[in-house]
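Next come the chains, spelled out residue by residue.
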Amino acid sequence: MPRATGADAGFRRSDRSQSPTPRTGRGRRARGVLGRLTHLLLPPACSGCGCALPAEIEYLCPGCRTRLRPPAHPRCFRCHAPRGTGLPAERPCPECEDWPPILEGARAACVMAPPAGSLVHALKYGGWRELAPTMAEGMVRALGPIDLPADAIVAPVPTTRARLRARGFNQAEELSRAVAHSLDRVHLNPLRREGESGTQVALHRHERRANVERAFRPAERSGSKVAGRYIVLVDDVLTTGATACAAAATLGAMGAAKVTLLTFARALPDEDGG
Ligand SMILES: [Zn+2]
Ligand SMILES: [Zn+2]
């Protein structure tokens, strides 16, 4: 199992290096040596734009922090998709109108515009797990002052065993642990994910939905823990919502009361496909 990195792990300056290296066995060792070397020679860089960071700032420069934009108003009350000014408020939102009722809403810290993609990429492929608490700060803010029961559960969208083996960790779980810590709620892994055919990236909305529809099943002995609970389902990016719909439907079948999706970034409505 990957080491849990929560908000309590804090930021360790010695972990920062100019270029993130995957945290696989050899990568980790190389990163340790290289990290110490580059740290001596080069100042730490912003994970958003690559600029040199002053000593007192960690991971993200002030410019990149302000460039992370929440979904613009007016937006859908349910999924927070920006609706554009020309769309009548009474018209159903094309983003979420076919979501299952159990998935009552979606919130995201920012839209998928620079530098959000760099952060997502650094966490997911660069292995910069230390970024998760910083990203989770914005996610908790995006959740807003909702009435979250004390027994609510924070749960990640799981990844497949193959991807877990290849990457060493699930980026959604890194985020969900940090979110659970910040919200002071229980963290649980109630779902398992079966292998899917091929990558999701190149698929259209209906193909993606068919691909993930049967991807999730309950984790062993998690049904009783989920029954009747409010679930904050965490993922790194919301694109079409197909993955979240399938995961939420499985949680619903397990007896969950309702599910809110919480992601770091969301694709803009006209950017289907990521
Ligand atoms: Zn920056
Ligand atoms: Zn919507």
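Quick caveat, the model's predicted, so the values are computed rather than measured.

**Some words on the overall build of the protein chain**
Counting its secondary structure elements, the protein chain contains nine helices and seven strands. Taken across its 274 residues, the protein chain has 40% of its residues classed as buried. A sequence separation of at least 24 residues applies to 74% of the contacts in the protein chain between residues at least 6 apart.

**A word on the sheet that holds strand β7 (residues 258–266)**
Here we have five strands laid out as an open sheet, ordered β1-β7-β6-β2-β3, and parallel in their pairing. Pairing within the sheet leaves two strands with one partner each, and these edge strands are β1 (103–111) and β3 (186–187). Of the strand pairs in this sheet, strand β2 (residues 153–156) and β3 are connected by two bridges, and their pairing is parallel. In the sheet register, Val 154 faces β3, and the bridge partner there is His 187. Its contacts with the sheet place helix α9 (residues 242–253) against β1, β6 (230–238) and β7, and it is angled at close to 160° to β6.

**What to know about helix α6 (residues 171–183)**
A rise of 1.5 Å per residue sets the reference length of α6, with its 13 residues, at 18 Å; its end C-alpha atoms lie 18 Å apart and thus fit the reference within 8%. For α6, the buried fraction is high: 11 of the 13 residues fall into the buried class. Among the residues of α6, those classed as buried are Gln 171, Ala 172, Glu 173, Glu 174, Leu 175, Ser 176, Arg 177, Ala 178, Val 179, Ala 180 and His 181. Here the buried face of α6 lies against α3 (116–124), α4 (132–143), β2, β3, β6 and β7. Just downstream of α6, Asp 184 is the residue with a positive phi angle, here 60°.

**Concerning unusual backbone geometry**
Note that the residue after His 73, namely Pro 74, is joined by a cis bond; omega there is -5°. Take Pro 74: it is sitting in the loop between α2 (62–67) and β1. Pro 115 follows Pro 114 through a cis peptide bond whose omega is 10°. Take Pro 115: it is sitting in the loop between β1 and α3. The phi angle at His 80 is positive, at roughly 65°, despite the residue not being glycine. A count of 24 C-beta atoms within 10 Å places His 80 in the buried class. With a phi close to 60°, Arg 221 is a non-glycine residue in the positive phi region. Residue Arg 221 is classed as exposed on the basis of its 8 C-beta neighbours within 10 Å.

**Details of the packing of α4 against α6**
α6 packs onto α4 with a crossing angle of 60° between their chain directions and a minimal axis gap of 8 Å. Our classification of the angle between α4 and α6 gives oblique. Considering only the axes of α4 and α6, their crossing is right-handed. On the side of α4, the interface is formed by Ala 132, Pro 133, Met 135, Ala 136, Met 139 and Val 140, while α6 contributes Glu 174, Leu 175, Ala 178, Val 179, Ser 182 and Leu 183. Split by residue class, the contact of α4 with α6 holds 10 nonpolar, one polar and one charged.

**Brief notes about the pairing of β6**
Along β6, seven of the nine residues are buried, which leaves the element largely enclosed by surrounding structure. Of the pairings in the sheet, the one linking β2 to β6 comprises four bridges and is parallel in character. When the bridges of β6 are listed, Val 154 appears paired with Val 232. Relative to β7, β6 runs parallel, the two sharing eight bridges. Within the sheet, the bridge partner assigned to Tyr 230 lies in β7 and is Lys 258. Following the chain from β6 across α9 to the adjacent parallel β7, one finds a crossover that is right-handed.

**Structural notes on α3**
Residues Ala 116, Leu 119, Val 120, Ala 122 and Leu 123 constitute the buried set of α3. Down the axis of α3, the smallest arc covering the buried residues is 165°, so these residues share one side. Those residues of α3 hidden inside the fold are in contact with β1, α4, α6, β6 and β7.

**Some details on the nonpolar core**
If you look at the biggest cluster of nonpolar residues, it comprises 63 residues, and the most contacted ones within it are Met 135, Leu 175, Val 179, Leu 233, Val 234 and Ala 244. Those elements that place two or more of their residues in this core are β1, α3, α4, β2, α6, β6, α9 and β7. Examining the composition of this core, we find that seven residues originate from one element, α9, more than from any other. If sequence neighbours within four positions are ignored, Met 135 has contacts with Ala 109, Leu 119, Leu 123, Leu 175 and Phe 264.

Cut-off values and rules
Residues numbered from 1 in each chain as written. Chains lettered and ligands numbered in written order. Predicted model: local features only at pLDDT ≥ 70, side-chain atom pairs only at ≥ 80, totals over all residues. Helix = DSSP H or I, 4+ residues; strand = E, 2+ residues; numbered from the N terminus. Buried ≥ 20, exposed ≤ 12 C-beta atoms within 10 Å, placed from the backbone. Contact = placed C-beta atoms within 7 Å. Pairing = 2+ DSSP bridges. Axes fitted to C-alpha atoms, helices over the stretch in contact; angles between N-to-C directions. Expected span 1.5 Å × (residues − 1). Parallel < 35°, antiparallel > 145°, perpendicular 65-115°, else oblique. Left-handed = near helix turned anticlockwise from the far one by under 90°. Nonpolar A, V, L, I, M, F, W, Y, C, P; charged D, E, K, R; others polar. Right-handed = clockwise from strand over helix to strand, strands pointing away. Arc of directions from axis to C-beta. Core = buried A, V, L, I, M, F, W, Y, C linked by C-beta atoms within 7 Å.

In short, shape yes, function no, at least from these values alone.
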